[in-house]
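Structural overview
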Amino acid sequence: QVDDLFLASVLWNERHAQGLQPDESRGTHRLSAQDFQEFTRWQEEVFRPMALNPEYRVELAFNGSGPGLYKNAQGVDALWEAAKANFGQYHWLSHTWSHMDLNQATYQQTVEEIKKNSDFIQAFFAQSADMRRFYSGLSMVTPRISGLLNKHALKALQDQGVQFVVGDTSRPEITPKSMQVGLYTTEKLNGHAGILILPRHPT
């Protein structure tokens, strides 16, 4: 899985981590259309043959607000155009519309984040016969693995059809005893029961 597709990310800076520079000095980086095309080519020509799996696809967790933020003078986002041209080369899942932190989000805020992102992806790919093969609203990655202890956010996710979310095994409160199985949310621990947290291992 690759998170934050279509958004820019703040660059890590050692001097900032040491408290020697202010945050604004760090800068940002956003994937370019050329980056996307090159990785698509690598996945198809190098990785799939090496893995002996012609169906292997990286899963992209996308934020639908991104293309509207990074249009050029002609009103075009080159990265979005590259993604559309290669939709079938990947699996896609929601990462919320704007990458909103869900730890303190209300029910309605969470609903809006999920619905807007779902509407965004389905508006373009609704005519694709293979859409259900490459995208499903049943699973998602919450921004920064947030909202998994927020009963309002979890209820909103479930009401929007989300059944599976990604956890982070660096966080003991949402880490299952066995790293090979998931962990269902409960009212006691998470505030709302019934969503399966799948462990994801951070680097």
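Look up: the structure comes first, before these words.
Description of the structure in this document. (Residues numbered from 1 in each chain as written. Predicted model: local features only at pLDDT ≥ 70, side-chain atom pairs only at ≥ 80, totals over all residues. Heavy atoms only, no water.)

Quick notes on the environment of Ser-98
- Assignment of secondary structure puts Ser-98 in the loop between strand 5 (91-94) and helix 5 (107-125).
- Classification of Ser-98 as partly exposed rests on a relative accessible area of 35%.
- A C-alpha to C-alpha distance of 7.0 Å links Ser-98 and Gly-64, two positions 34 residues apart in sequence.
- Those residues in contact with Ser-98, other than ones at most four positions away along the chain, are Leu-7, Asn-63, Ser-65 and Glu-113.
- A distance of 2.8 Å separates a polar atom in the side chain of Ser-98 from a polar atom in the side chain of Glu-113. (Helix = DSSP H or I, 4+ residues; strand = E, 2+ residues; numbered from the N terminus. Buried < 20%, exposed > 50% of the residue type's maximum accessible area, 1.4 Å probe, protein only. Contact = heavy atoms within 4.5 Å. Polar contact = N/O pair within 3.5 Å; in protein donor to acceptor, adjacent residues only side chain to side chain.)

Comments concerning the sheet that holds strand 4 (residues 59-62)
- Read from one edge to the other, the open sheet built from seven strands follows the order 1-4-5-6-7-9-8, with strand pairing classed as mixed. Each of the sheet's edge strands pairs with one partner strand only, and the pair in question is strand 1 (2-5) and strand 8 (183-184).
- By the bridge criterion, two bridges tie strand 1 to strand 4 in an arrangement that is parallel. Across the sheet, Leu-5 pairs through a bridge with Phe-62, a residue of strand 4. (Pairing = 2+ DSSP bridges.)

Thoughts on the side chain of His-192
- Here His-192 is to be found in the loop between strand 8 and strand 9 (196-198).
- There is a polar contact of 2.6 Å between the side chain of His-192 and the side chain of Gln-158.
- Those residues within four positions of His-192 in sequence are excluded, and the remaining contacts are Lys-151, Leu-154, Lys-155, Gln-158, Thr-185, Thr-186 and Glu-187.

Quick word on the environment of Val-76
- Relative to the helices and strands, Val-76 is located in the loop between helix 3 (66-69) and helix 4 (78-85).
- The exposure class assigned to Val-76 is partly exposed, which follows from its relative accessible area of 33%.
- Leave out the neighbours within four places in its chain, and Val-76 touches Tyr-70, Lys-71 and Glu-81.

A look at the nonpolar core
- Phe-6, Phe-36, Phe-62, Trp-92 and Ile-121 are the most contacted members of the largest nonpolar core, which totals 19 residues.
- The set of elements that each furnish at least two residues to this core consists of strand 4, helix 4, helix 5 and helix 6 (131-134).
- Examining the composition of this core, we find that four residues originate from one element, helix 4, more than from any other.
- Met-140, Leu-154, Leu-157 and Val-162 belong to the second largest nonpolar core, which has 15 residues in total. (Core = buried A, V, L, I, M, F, W, Y, C linked by side-chain atoms within 4.5 Å.)

Considerations on unusual backbone geometry
- One non-glycine residue, Asp-4, lies in the positive phi region at around 70°.
- Mapped onto the elements of the fold, Asp-4 is located in strand 1.
- Despite not being glycine, Phe-6 has its phi angle at roughly 90°, a positive value.
- Position of Phe-6 relative to the elements: it lies in the loop between strand 1 and strand 2 (9-10).
- Looking at Phe-6, the relative accessible area reads 1%, which means it is buried.

Let's talk about the pattern of salt bridges
- Tallied over the entire structure, the rule returns 10 salt bridges.
- Arg-41 is the salt-bridge partner of Glu-45, the closest N and O atoms lying 3.3 Å from each other. Here Glu-45 pairs with Arg-41, and both are found in helix 2 (residues 33-51), just four residues apart, close to one helical turn.
- The salt bridge partner of Arg-144 is Asp-101, with a shortest N-O separation of 4.0 Å. With Arg-144 in the loop between strand 6 (135-140) and helix 7 (151-159) and Asp-101 in the loop between strand 5 and helix 5, the pair connects residues that are 43 residues apart, well separated along the chain. (Salt bridge = Lys/Arg side-chain N within 4 Å of Asp/Glu carboxyl O.)

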